[in-house]
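# Overview (structure and organization)
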Amino acid sequence: MPAGMKPLEKFLKKQTTALTRAGGFVGGVTDKASGGTGASRRRASLSRVVPFFRETSPESGQAREVFSPDSEDPPSWPSATGTGLVSVPSSANGSCSGSVSGSGGGDVRSPSLSSDEQSSEASLVTESSSSGGGGGGTPLPPDTPDNLTLSVLDSVAGKRHAHCRETLLDDFMLTHPIFLTADRFQQVLLQQFSLETEMKDGEVRGREAKGERREGGGGGGGREGDEETEVESDGAMDGAERKHAVLNVAFRYLDTYRELLQEEGERSNNFPKELYLCAVQELSRYPELVDDVLKLQRWTEILHCPSDEEKESRKKQVRPLFRHFRRIDACLQPREAFRGSDEIFCRVYTPDHSYVTIRSRLSCRVGEILALVREKLQYSEDQPVLPGHLILVAVTSAGEKAVFRPSDEAVFTTLGVNTHLFACEPSELDTLLPLPEEIHWTPGDSKLHDMSAEEVANQLVVFDWELFSCVHEVEFVCYVFHGEQSRWRPLNLELVLQRCSEVQHWVATEILQCQSLPKRIQLLRKFIKIAALCKQQQDLLSFLAVVLGLDNPAVSRLRLTWEGLPGKFRKQFQQFESTADPSRNHKSYRDLITSLRPPLIPFTPLLLKDLTFLHESCKTFHGELVNFEKMHKVAEMVRIIRRYRSSQLAMDTETSPSHLQTKAYVRQLQVIDNQNLLFDMSCKLEPKDT
C-alpha cells in the first residue's frame, strides 16, 4: 500500500515560496483584491480538506517570468486578438502596448510543477478556453476597471466586439468583484445611464453643425467630413443605445448575484431603485425603454420582497449545519443554500468543558458571539464569577488552537470536522484541551454492516449533490481571490470542503473501530464497492474521498486486513488509486472527468487548487491596469463548474424505514479526525511486529 501523502498545504506553500524567489511577492501579496491574512487562512482550511493528498512533483521545470509590484516595466502580457477599446492615459500607452492573448492566453502554469505536470496543466487551461462560448480568449487589453466597464457596455450595445459579446459579458460578471467593488460598479452604471441625458443636447447641436459644414463645403473637404461622421457613428452610441446597454448589463448583474444581493437587503436594493427612478424620468424622451423599465420595476420588487416560496423556506428560523444535527427530522430535510442571516444553534465551551448554547447568525462577528456568551454566563449557576476579557478559540481534536480576532466573521463554517469553540480569558489559553470524547474511543461494530453498499452510495451522492448545488458559482472566485476579505463569504463552499474531509475520516474511523478481522475485511470490501458506485453515478467528490480515506496511513498499514481482501477488490482499488494519482498534474483524474457528461460532482479541492495556481502564478494588476485575460481564464473555469450542474440529478423519493435510517446515518457521520489517535488505533489492531 502507498505511503503517507503530503498535505496539500505544504504543496501550496512550496508554490508560494517559488513565486517569492522569482520576485512575484515582494513586500506582500501582489493583488489588490486579496488579503494576505484571509488567503492564508483559506489555504489552511483547504489543507484540512485533503489531509493526505499526495504530491510528488519536484520543484523543477523552466522558470517563469514573474513581475514584482515594484518593477518599473509592465508585464509582457501577450498581444490581444482585437484592438484596444478605450483610450489609456498617455503614461500607460507607451508601456502597455501588449495585451492578452486570445487563443494561447497568458502562461498560468505554476513554477512548482515539473515539465510533465506543466504540460498537463497547460492542456487543462487550453481545454477550458476552447470550451467557452466565445471561441478563443478575450479581446480586451489590460485597462483600468472603469474603462473595462465601458468596454463591456460598448460590446453589449454591439458597437465593438459583438462577435464575443456574451463571453465578454459573462467574463466581466463573474470576475469583476476581483478588481472592482460592487459599489463602484453600480456607481459607474448609474453615471453612464445619466451621461447621455446631460450630453444629448450638445451632441445634437454638434451633429447639426457638422451637417451644415458638409453642405457648405466642397471637394475633398466634404469627403473628409463624411469619413469623420461615418467613423463617429460606428464608434459612438446615442442615448437610447447607451441606456439599453446599461440596463442589459444591470439585468445580467442582478440575475447573476440575485441571492447574494437579497442577503444584503437595503444596501443592495438601493441600486435598482435608483436606476428605476432614473429610467422612469427618461420614458418621455425614450418611450422604447418601457419594457426595460417594467422589468427593472420587477427586479426592485424581487430584491425588496422575496417570493412566497422563499418566504416559506425561511420560516425555519434556526437551521442546522450538517455537523450539528441533533434531531433526525432536521437532518432528513433537503439542503438549502446558507446565507449569512441564517440563524444556528452553537455550543461554546469553557475551559472546564461546560458549555452554553447560543443562537447566532451565521455571519455573526466574533465580538457578537462573545457578547452572547457573556450574557449566558451572567445567568449561569455554574459560573459564580463573571469572567473578564474573553477571547474565542477554535480547539481541534488534536489539541491545536486558533484564536479568532473580534472582527472575524462567519467562523462557524471554517471549523474542522471535530473542532469546537471555546471562550476563555487570555491567561487560560494554554489550559484548553479537546473534549474527552474527541480523545478517547470505544471499539464497536459498525452500523454499516446492516446497510447495503447501494443504499449508502445513493445517499452519499444525493447529499453531495444537494451541497454542491447550494454553492453559488461566485463563491469559488471569492474563496481563492478574496479569502476573508470578500464581500460575499463562501459559506456553502466551505461546507462542501468540510464534507469531503468528513467522508475521508469516516472511512478510516469505521475500519479502525472494528476489532474483528473478518468484519474489517468485509468493511474494506464494502467501502471499495461504495467508491465504485459513487464513481458510476459520477460523484467524484465522495469517490475520491473514500479512496483517500482508504489510503490513510493508519488504514493502509493494516497488512493482515489488506491481505484478506479478494484479488478482484485489490485490483479494483489499484485502479481507483491510479485515478487519484497526482502525477502529471492529476492527469488520470482529468481524463476521467473530461469523459463524463453532466450532471456530475467534481472533486472540489482540485478545482480550488487550479484556481489557486491561476491566481498566484499570474498577476491581476500592474499599477492600475487589470489583466483581463486572467479574468477570462478564471471565468472559463467557473463556466466548467456551471456545466457540471447544467442538468438536474435524479433524486430518490423512497421513504421506507431502512431507507430513512441510512439517510440519517450518512448525513450525520460520527468520525475521528485526530490522525495520531487513528494511528494508535491502527497499531492496537495490528501491532508493528505482526
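Let me begin by describing the structure that accompanies this report.

Turning our attention to the sheet that holds strand 1 (residues 343-349). Pairing is mixed in the open sheet, where five strands are placed in the order 2-1-5-3-4. Only two strands of the sheet have a single neighbouring strand rather than two, namely strand 2 (355-361) and strand 4 (401-403). Strand-to-strand twist across the sheet, computed as the mean angle between neighbouring axes with direction ignored, equals 40 degrees. The pairing of strand 1 with strand 5 (residues 420-424) spans two bridges and is classified as parallel. Its bridge partner lying in strand 5, Tyr349 is registered against Phe422.

The final tally for this structure, using the stated rule, is 14 aromatic pairs. Taken together, a centroid distance of 5.4 Å and an interplanar angle of 40 degrees make the contact between Tyr253 and Tyr257 tilted. On the accessibility criterion, Tyr253 (0% relative accessible area) is buried. One aromatic cluster is present, built from ring pairs that chain together Phe172, Phe179, Phe185, Tyr253, Tyr257, Phe271, Trp488 and Phe628.

Relative to the elements of secondary structure, Leu625 occurs in strand 7 (residues 625-626). Overall, the relative accessible area of 6% leaves Leu625 in the buried class. Taking the C-alpha atoms as reference, Leu625 lies 9.6 Å from Asn147; in sequence the two are 478 residues apart.

Now for the nonpolar core. Membership of the largest hydrophobic core comes to 133 residues, with the highest contact counts inside it found for Phe179, Tyr253, Trp506 and Leu550. When near neighbours in sequence (up to four residues on either side) are disregarded, Trp506 contacts Leu448, Val456, Leu460, Phe527, Tyr665, Leu669 and Val671.

Turning to the packing of helix 17 (residues 453-470) against helix 19 (residues 491-512), a few remarks are in order. Relative orientation of the contacting elements helix 17 and helix 19 amounts to 155 degrees, with a least axis distance of 8 Å. Taken together, the axis directions place helix 17 and helix 19 in an arrangement best described as roughly antiparallel. Note on packing geometry: the crossing formed by helix 17 with helix 19 is left-handed. Note on element contacts: helix 19 touches helix 17 through Asn492, Val496, Arg499, Val503 and Trp506, opposite Val456, Leu460, Phe463, Asp464, Leu467, Phe468 and Cys470. A class-by-class count of the residues in the contact of helix 17 with helix 19 yields nine nonpolar, one polar and two charged.

Attention shifts here to helix 27 (residues 628-644). Taking 1.5 Å of rise per residue, 17 residues should cover 24 Å, and helix 27 covers 25 Å from first to last C-alpha, within 8% of that figure. By the criterion of burial, helix 27 is predominantly enclosed, with 15 of the 17 residues buried.

A few words now on the pattern of salt bridges. A full pass over the atoms with the stated rule returns 23 salt bridges. Notably, a salt bridge pairs Glu166 with Arg252, separated by 2.6 Å at the nearest N-O pair. Placement of Glu166 in helix 6 (residues 165-179) and of Arg252 in helix 9 (residues 239-256) is noted, with a sequence separation of 86 residues between them. Between Glu563 and Arg559 there is a salt bridge, and its shortest N-O distance comes to 3.2 Å. Separated by four residues within a single helix, Glu563 and Arg559 lie in helix 23 (residues 559-563), roughly one turn from each other.

Let us now look at the pairing of strand 3 (residues 391-395). In terms of residue burial, strand 3 counts as a mostly covered element, since five of its five residues are buried. Because side chains alternate across strand 3, one face comprises the buried residues Ile391, Val393 and Val395, and the other comprises Leu392 and Ala394, equally buried. Examined bridge by bridge, strand 3 and strand 5 share five bridges and lie antiparallel to one another. Residue pairing for strand 5: Val395 is matched across the bridge by His420.

Below, the discussion takes up the side chain of Asn627. With respect to the helices and strands, Asn627 occurs in the loop between strand 7 and helix 27. Judged by relative accessible area, which is 2%, Asn627 ranks as buried. Of the polar contacts made by the side chain of Asn627, one reaches the backbone oxygen of Lys619; its length is 3.3 Å.

Each value, and the rule that gives it
Numbering of residues starts from 1 in every chain and runs along the sequence as written. Local features in this predicted model are restricted to residues whose pLDDT is 70 or higher, and side-chain atom pairs enter the listing and the counts only when it is 80 or higher, whereas totals over whole chains, interfaces and linings include all residues. Hydrogen atoms and water are omitted, and side-chain values are computed over all heavy atoms in the structure. In short, DSSP must find at least two bridges between two strands for them to pair. By definition, any uninterrupted DSSP run of H or I lasting at least four residues is a helix, any uninterrupted run of E lasting at least two residues is a strand, and each is numbered from the N terminus. Angular values range over 0 to 180 degrees, each being the angle between N-to-C directions of two axes fitted as lines to C-alpha atoms, with helices fitted over their stretch in contact. The pairing test for Phe, Tyr and Trp rings, Trp by its six-membered ring, is centres within 6.5 Å, and the orientation test on the planes gives stacked under 30 degrees, edge-to-face over 60, and tilted for anything in between. Categorising residues by exposure relies on relative accessible area from a 1.4 Å probe, with only protein chains included: less than 20% of the type maximum marks a residue as buried, more than 50% marks it as exposed, and the intermediate range marks it as partly exposed. Buried Ala, Val, Leu, Ile, Met, Phe, Trp, Tyr and Cys residues form a nonpolar core when they are joined through side-chain atoms within 4.5 Å. The contact definition used throughout considers only heavy atoms, calling two residues in contact when any of these lie within 4.5 Å. Roughly parallel here means an angle under 35 degrees, roughly antiparallel means over 145, roughly perpendicular means 65 to 115, and every remaining angle is called oblique. By definition, turning the near helix anticlockwise from the far helix through less than a right angle yields a left-handed crossing, and turning it clockwise yields a right-handed one. When residues are sorted by character, Ala, Val, Leu, Ile, Met, Phe, Trp, Tyr, Cys and Pro go into the nonpolar class, Asp, Glu, Lys and Arg into the charged class, and all the rest, Gly among them, into the polar class. One less than the number of residues in a helix, times 1.5 Å, gives the span that helix is expected to have. Here, a salt bridge means any side-chain nitrogen of Lys or Arg that lies within 4 Å of a carboxyl oxygen of Asp or Glu. Pairs of N or O atoms within 3.5 Å make up the polar contacts considered here, provided that, within protein, one atom can donate a hydrogen while the other can accept it, and that residues adjacent in sequence are counted only when both atoms are side-chain atoms.

So far we have only geometry, and geometry alone does not tell us how the molecule works.
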